[in-house]
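Listed below are the residues making up each chain.
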Amino acid sequence: MNRLTVHTAVPYEVFVGGGAIGELGPRFQALFPGARAFVAADENALALHGTAVLASLRGAGVTAFSYALPAGEAHKNHETLLKLYAAMAERALTRLDALVALGGGVTGDVAGFAAATYMRGIPCAMVPTTLLSMADSSIGGKTAVNLPYGKNLVGAFSQPRLVLCDTDFIKTLPPREYRAGFAEVIKCAAIADEEAFSRLERGDMSDDEAVFMALTVKRALVESDERDMGQRRLLNFGHTVGHAVENAAGYALLHGEAVAIGMAAMAKIGERLGVTEGGTAQRLSALLQKYGLPVEYGGDRQRVYESLAYDKKTEGAEVDAVLLQKIGKAVRRRLPRKEIVL
Ligand SMILES: NC(=O)c1ccc[n+]([C@@H]2O[C@H](COP(=O)([O-])OP(=O)(O)OC[C@H]3O[C@@H](n4cnc5c(N)ncnc54)[C@H](O)[C@@H]3O)[C@@H](O)[C@H]2O)c1
Ligand SMILES: [Zn+2]
């Protein structure tokens, strides 16, 4: 099993590997002695892996109970959040207890926000169950719910206290979700690790290695900029357009698919502006397509453009864009919104 430490204000450990769930109970007990575990779980992840999670906790003597959250981005909202708060209150959860978020990025974001705000904040452990959430959303402390106006518009920075990526959980993912998760893996290689990008091109990287590589890239950026004011924004490569595409498509596309379209678009825009080395867009698109990801948006492009106005990174008529200089090196540039064409 691999492990790494994220050095934020309160540092936390991340475990990556098949069977990592066995570590949950003992680690939880050591970090939060006497705490009860409230497992807020994606309904599908709970059905598939809930037994193993609860067994790990209870085996270490932790009192644990679970609560199922409805699956899907459409439920990443206040309705789900208010029901979750109510379930936590009914269990008389206090700051001496801890929440375990079991599921993909949607669960991590909603349950993480509930933990950040319930009683002004209780500890949270992340047990991601999708490739995307293992490689990306489980670390960094961004939690949020969506508003009808756009994604992640209400949220908080709140770092988890423990993260456990059991890569065996990836095996039960629907193939489309698995492929979408690779978008964030490819993103991390594209912005910061040329060698990893080449290995992905050669098909020479295991899922465990892919998750670990992506977390290593993200960790460095989170540590240098916990509040997302500068360097960390490089992780938004493909996301400004990606979020707008998600909005315009009415969430018919998965987050990773929308980000793939966004990355392909930004690479082309970068080449047109002379920032990105020639041939980069072609290489990036080829790798995305190798993983079965879309590189063009088939829907109404005008709606994507309109959605850009609601993105948190859009300030007035300008966009805080991330461009590649080349594979493995990203830079931030302020661009007029009109430059963002799909
Ligand atoms: N906080 C962050 O830093 C951050 C970063 C990236 C993405 N995100 C957010 O993450 C979300 C996307 O996350 P996601 O792609 O994990 O989607 P998701 O949470 O919706 O999960 C995808 C689907 O897989 C199912 N599922 C989960 N684990 C499974 C398993 N092991 N086996 C079978 N099915 C399983 C879920 O029920 C769901 O239907 C978006 O809302 C995005 O905004 C957050
Ligand atoms: Zn993302």
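Residues numbered from 1 in each chain as written. Chains lettered and ligands numbered in written order. Predicted model: local features only at pLDDT ≥ 70, side-chain atom pairs only at ≥ 80, totals over all residues.

Asker: Give a description of the overall build of the protein chain that names residues and reports values.
Answerer: Along the protein chain, the regular secondary structure elements total twelve helices and twelve strands. A principal-axis box enclosing the C-alpha atoms of the protein chain has dimensions of 60 × 40 × 35 Å. In the protein chain, the proportion of contacts linking residues at least 24 apart, taken out of those at least 6 apart, comes to 73%. (Helix = DSSP H or I, 4+ residues; strand = E, 2+ residues; numbered from the N terminus. Contact = placed C-beta atoms within 7 Å.)

Asker: Which residues make up the packing of helix α6 (residues 175-192) against helix α8 (residues 207-224), and what are the values?
Answerer: Where α6 contacts α8, the two axes come as close as 9 Å, and the packing angle between them is 50°. Of the possible angle classes, the one that applies to α6 and α8 is oblique. Every pair of crossing elements has a handedness; the one defined by α6 and α8 is left-handed. Along the contact surface, α6 presents Glu184, Val185, Cys188, Ala189 and Ala192, while α8 presents Ala210, Met213, Ala214, Val217 and Lys218. In terms of residue class, the contact of α6 with α8 is built from eight nonpolar, no polar and two charged. (Axes fitted to C-alpha atoms, helices over the stretch in contact; angles between N-to-C directions. Parallel < 35°, antiparallel > 145°, perpendicular 65-115°, else oblique. Left-handed = near helix turned anticlockwise from the far one by under 90°. Nonpolar A, V, L, I, M, F, W, Y, C, P; charged D, E, K, R; others polar.)

Asker: Break down the sheet that holds strand β3 (residues 37-42) for me, citing the residues and quoting the values.
Answerer: As summarised here, the arrangement of the seven strands in space is β1-β2-β9-β6-β5-β3-β4, forming an open sheet in which the pairing is mixed. With partners counted over all chains shown, the strands left at the sheet margins are β1 (2-6) and β4 (64-69), one partner each. With strand direction ignored, the average angle separating the axes of adjacent strands in the sheet is 15°. One ladder, built from five bridges, connects strand β2 (residues 12-17) with strand β9 (residues 162-166); its direction is parallel. Its bridge partner being in β9, Val16 is matched across the sheet by Cys165. Along the sheet, helix α1 (residues 24-31) contacts β3, β6 (124-128) and β9; its crossing angle with β9, the most-contacted strand, is approximately 180°. Its contacts with the sheet put helix α3 (residues 78-90) on β3 and β4, and the angle it makes with β4 is roughly 160°. (Pairing = 2+ DSSP bridges.)

Asker: Explain the site of ligand 1 residue by residue, including any values.
Answerer: In the vicinity of ligand 1, 30 residues are found, and the nearest of them are Asn44, Ala71, Gly104, Gly105 and Ser137. Contributions of two or more residues to the shell around ligand 1 are made by α2 (43-59), α4 (105-117), α5 (131-137), β8 (150-157) and α6. Residue classes in the shell around ligand 1 are distributed as eight nonpolar, 14 polar and eight charged. Summarising the domain contributions, the shell around ligand 1 has at least three residues from each of domain 1 (2-172) and domain 2 (176-225 + 234-339). (Near = placed C-beta within 6 Å. Domains from an automatic or database assignment.)

Asker: Give a detailed account of the pairing of strand β12 (residues 329-336), specifying residues and quantitative values.
Answerer: As judged from the eight bridges shared by strand β11 (residues 318-326) and β12, these two strands associate in the antiparallel manner. Across the sheet, Leu324 pairs through a bridge with Ala330, a residue of β12.

Asker: So what's going on with the domain arrangement of the protein chain? Residues and values would help.
Answerer: The figure often quoted for interface size is the accessible area lost as the parts come together. Domain annotation of the protein chain identifies domain 1 (2-172) and domain 2 (176-225 + 234-339). Centre-to-centre separation of domain 1 and domain 2, based on C-alpha positions: 26 Å. Across the boundary between the two partners, domain 1 contributes 25 residues, which contact 27 residues of domain 2. Counting only elements with at least two residues in the side of domain 1 that touches domain 2, the list comes to β1, β2, α5 and β8. Broken down by element, the side of domain 1 that touches domain 2 gets its largest block of residues, five residues, from α5. Residue classes in the side of domain 1 that touches domain 2 are distributed as 13 nonpolar, nine polar and three charged.

Asker: Quick rundown of the nonpolar core? Include the residues and the values.
Answerer: Soluble, globular proteins show a tendency: their nonpolar side chains are buried together. If you look at the biggest cluster of nonpolar residues, it comprises 117 residues, and the most contacted ones within it are Leu99 and Ala114. Counting the residues that make up this core, at least three belong to each of domain 1 (2-172) and domain 2 (176-225 + 234-339). (Core = buried A, V, L, I, M, F, W, Y, C linked by C-beta atoms within 7 Å. Buried ≥ 20, exposed ≤ 12 C-beta atoms within 10 Å, placed from the backbone.)

Asker: Describe unusual backbone geometry, naming the residues involved and giving the relevant values.
Answerer: Even without being glycine, Ala92 reaches a positive phi, approximately 55°. As for its position among the elements, Ala92 is in the loop between α3 and β5 (98-103). In this structure Ala92 comes out as exposed when scored by C-beta crowding, with 8 C-beta atoms within 10 Å. At Arg120, a position not held by glycine, the phi torsion is positive, near 65°. According to the C-beta neighbour criterion, Arg120 is exposed, with 7 such atoms within 10 Å.

Asker: I'd love a proper account of α8, names of residues and values included.
Answerer: Each α-helix winds once per 3.6 residues, and so residues spaced three or four apart point in a common direction. With 18 residues, α8 should reach 26 Å at 1.5 Å per residue; the first-to-last C-alpha distance of 26 Å fits that figure. Among all positions of α8, only Asp207, Ala210, Val211, Phe212, Met213, Ala214, Leu215, Val217, Lys218, Leu221 and Val222 are buried. Along its buried surface, α8 packs onto β1, β2, α5, β9, α6 and α7 (194-202). (Expected span 1.5 Å × (residues − 1).)

Asker: Help me get a handle on the pairing of β1, residues and values and all.
Answerer: Both β1 and β2 contribute to a ladder of five bridges, which runs antiparallel. Considered in β2, the bridge of Thr5 is made with Glu13.

Asker: Please set out α1 residue by residue, giving values where relevant.
Answerer: Leu24, Gly25, Arg27 and Phe28 are the residues of α1 that are buried. Its buried side turned inward, α1 meets β3, α2, β6 and β9.

Asker: Report on the packing of α3 against α4, specifying residues and quantitative values.
Answerer: Each packed pair of helices is defined by two parameters, the angle between the axes and the distance between the axes. One can describe the packing of α3 onto α4 by two numbers: an axis separation of 10 Å at closest approach and a directional angle of 50°. Taken together, α3 and α4 sit at an angle that is classed as oblique. Two packed elements cross with a definite hand, and for α3 against α4 that hand is right-handed. Facing Thr80, Leu81, Leu84, Tyr85 and Met88 of α3, the residues of α4 in contact are Val110, Ala111, Phe113 and Ala114. Of the residues belonging to the contact of α3 with α4, the class tally is eight nonpolar, one polar and no charged.

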